[in-house]
Amino acid sequence: EAQLVESGGGLVQAGGSLRLSCTASGFTFDNYAIGWFRQAPGKEREGVSCIDSEGKTHYADSVKGRFTISSNNAKNTVYLQMNRLQPEDTAVYSCAAARLIICTEYYYRSANDYWTQGNQVTVSS
């Protein structure tokens, strides 16, 4: 069964770092854009970052300069390194994969083929 599996997340103090991982099983990331999304309580889901099979990346303005997305094709895994975390980064973070989509600011409006269940990231002040 093709699926995405997410790991990472947890509780960290403001200014700290966390890394999220998103691994595909049953398919490879070739011709896919992989994105990270987050949803805070009472707020709409927002796109955080994406990367595509050509290595093109995009970041939301709110995380630019603090978060870094990367991929390890040999491990079929995409990472989101989150540095200088702030309380406003607290949310459930999910990973998604969209086939034949490139990573641009418009990716976040695309229909994704796979989603993870989401992991909680909590940043305390």
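The notes below deal with the structure included here.

1. So, the environment of Gly9
Reasoning step 1: Take Gly9: it is sitting in the loop between β1 (3-7) and β2 (10-13).
Reasoning step 2: For Gly9, a relative accessible area of 25% corresponds to the partly exposed category.
Reasoning step 3: Measuring from C-alpha to C-alpha, the distance between Gly9 and Lys75 comes to 19 Å, with 66 residues separating the pair along the chain.

2. A look at the nonpolar core
Reasoning step 1: Counting 29 residues, the largest nonpolar core has Leu4, Ile34, Trp36, Phe67, Leu80, Met82 and Tyr93 as the members making the most contacts within it.
Reasoning step 2: Every element with two or more residues in this core is listed here: β3 (18-25), β4 (32-39), β5 (46-52), β7 (67-72), β8 (77-82), β9 (91-99) and β11 (119-124).

3. A short note on the side chain of Asn119
Reasoning step 1: Along the chain, Asn119 falls in strand β11.
Reasoning step 2: What makes Asn119 buried here is its relative accessible area of 14%.
Reasoning step 3: Those residues within four positions of Asn119 in sequence are excluded, and the remaining contacts are Glu6, Ser7, Gly8, Ala91, Val92 and Tyr93.

4. A word on the pattern of salt bridges
Working definition: two side chains of opposite charge can pair if their charged atoms are close together.
Reasoning step 1: Taken as a whole and assessed by the stated rule, the structure comprises 4 salt bridges.
Reasoning step 2: A salt bridge links Glu46 to Arg38, with the shortest nitrogen-to-oxygen separation between them at 2.6 Å.
Reasoning step 3: Exposure remark for Glu46: the relative accessible area of 32% places this residue in the partly exposed category.
Reasoning step 4: Between Asp89 and Arg66 there is a salt bridge, with its nearest N and O atoms 2.7 Å apart. With Asp89 in the loop between β8 and β9 and Arg66 in the loop between β6 (57-59) and β7, this residue pair connects regions lying 23 residues apart in the sequence.

Quick notes on the rules
Residues numbered from 1 in each chain as written. Predicted model: local features only at pLDDT ≥ 70, side-chain atom pairs only at ≥ 80, totals over all residues. Heavy atoms only, no water. Helix = DSSP H or I, 4+ residues; strand = E, 2+ residues; numbered from the N terminus. Buried < 20%, exposed > 50% of the residue type's maximum accessible area, 1.4 Å probe, protein only. Core = buried A, V, L, I, M, F, W, Y, C linked by side-chain atoms within 4.5 Å. Contact = heavy atoms within 4.5 Å. Salt bridge = Lys/Arg side-chain N within 4 Å of Asp/Glu carboxyl O.

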